[in-house]
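Chain residues, written in single-letter form:
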Amino acid sequence: MAKLRINQRKPVNTGRYKAKLEQVSIAAIGHYSEFGFMHPRIRCMNPNTGNVFGPAVTVRIPAQESKALHVAVSMAHEGDVLVIDRCGDVSHACVGEMVALCASVRKLAAIVVDGPMTDYEEIMEIGIPIFAAGTSPLTTKFIEDSGEINFDISCGGVPVHPGDLILADQNGVLVLREFEAEELINTAIADQDTEAEEREEVLQGKTLQQLYVPDYPLEREPFAATFASDLIKEES
């Protein structure tokens, strides 16, 4: 008889990142890395959700089965992000009201699932951030003991290891390995500070060409003025 495969939760200390994670934009990190970004089909289902982050507790469950998910959400700790590999299934919703409620009571940071969720209104009332690929009324069942907890998985086209740092906001979901996290976060925050200054320059009239591509200066006369001048010359 098959049994659930369960590894212990990997302890991760994200405390040293906390202040920076609260302000960093995933899109800013996107200026400096091509890796770890989940497919855009996985989007934030809650309006007005800010930055969420935490270490990954990983779950892999086959299409119709959800026993492993119920075990995983019960063993996750405060601040964890539950990341669910649906093995390619796009029809069955494994995250519903009870999973969300348990996750909220246990103070998980968020749930990320490579598939649909259900019980939309109830989950919106519960308030825990959910990142999913839509909604579905077709749900998973308790059929057999099949699934894995805290093994390497794939979610949104990205490898996810237990304990990886998950960042998520309205723009999407990013997976960072511990060895790269601090450098990318610091670089992104510096970029955000610079961009804030550049935003003020644009408001004062500076163009993006002047800011970013000065090697290609624009002609002195705007195109419209030059075009009108040419027309006048032709007519005369």
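The preceding data block contains the structure.
Draft legend 1. Looking closely at the pattern of salt bridges. Taken as a whole and judged by the stated rule, the model has 11 salt bridges. Ionic pairing is found between D85 and R60, a salt bridge with its closest N-O pair at 3.4 Å. Here R60 lies in strand β3 (residues 52-60) and D85 lies in strand β4 (residues 81-85), a separation of 25 residues in the sequence. For the salt bridge of E148 with R60, the shortest nitrogen-to-oxygen distance reads 2.2 Å. Of this pair, E148 sits in strand β7 (residues 148-149) while R60 sits in strand β3, and the two are 88 residues apart along the sequence.

Draft legend 2. Spatial organisation of a nonpolar patch on the surface. On the surface, V202, L208, Y212, V213 and Y216 cluster together into a nonpolar patch covering about 520 Å² of accessible area. You can see L208 is positioned in helix α7 (residues 208-212).

Draft legend 3. View of the pairing of strand β10 (residues 165-169). With respect to burial, β10 is a largely interior element, five of its five residues being buried. Alternating positions in β10 separate into two faces, L165, L167 and D169 on one and I166 and A168 on the other, with burial throughout. Across four bridges, β3 lies against β10 in antiparallel orientation. Across the sheet, residue V52 finds its bridge partner in β10, namely A168.

Draft legend 4. Looking closely at the pairing of strand β5 (residues 110-113). Residues A110 and V112 line one face of β5 and the alternating positions I111 and V113 line the opposite face, and both faces are buried. Direction of pairing for β4 relative to β5: parallel, over a ladder of four bridges. Within β5, the residue paired with L82 across the bridge is I111. Once the chain exits β4 it traverses helix α4 (residues 97-105) before rejoining the sheet at β5, and the crossover so formed is right-handed. Where β5 and strand β6 (residues 130-132) come together, two bridges link them in parallel fashion.

Draft legend 5. Broad picture of the nonpolar core. Of all hydrophobic cores here, the largest spans 25 residues; its most connected members are L69, L82, I84, V95, I111 and I130. Counting residues per element, the ones that place at least two in this core are β3, α3 (67-75), β4, α4, β5 and β6. No other element matches α3, which puts four residues into this core. In this structure, M38, A56, V160 and V175 belong to the second largest nonpolar core, which totals 19 residues.

Draft legend 6. Quick peek at the side chain of T49. If you trace the backbone, T49 turns up in the loop between β2 (43-44) and β3. Looking at T49, its side chain comes within polar contact range of the main-chain oxygen of N46, at 3.2 Å. Setting aside residues up to four positions removed in sequence, T49 forms contacts with C44, P129 and Q170.

Scoring rules and cut-offs
- Residues numbered from 1 in each chain as written.
- Predicted model: local features only at pLDDT ≥ 70, side-chain atom pairs only at ≥ 80, totals over all residues.
- Heavy atoms only, no water.
- Salt bridge = Lys/Arg side-chain N within 4 Å of Asp/Glu carboxyl O.
- Helix = DSSP H or I, 4+ residues; strand = E, 2+ residues; numbered from the N terminus.
- Patch = residues over 30% accessible without salt bridge, like charges linked within 9 Å, V, L, I, M, F, W, Y side chains within 5 Å.
- Areas by Shrake-Rupley, 256 points an atom, 1.4 Å probe, with all protein chains shown as cover.
- Buried < 20%, exposed > 50% of the residue type's maximum accessible area, 1.4 Å probe, protein only.
- Pairing = 2+ DSSP bridges.
- Right-handed = clockwise from strand over helix to strand, strands pointing away.
- Core = buried A, V, L, I, M, F, W, Y, C linked by side-chain atoms within 4.5 Å.
- Polar contact = N/O pair within 3.5 Å; in protein donor to acceptor, adjacent residues only side chain to side chain.
- Contact = heavy atoms within 4.5 Å.

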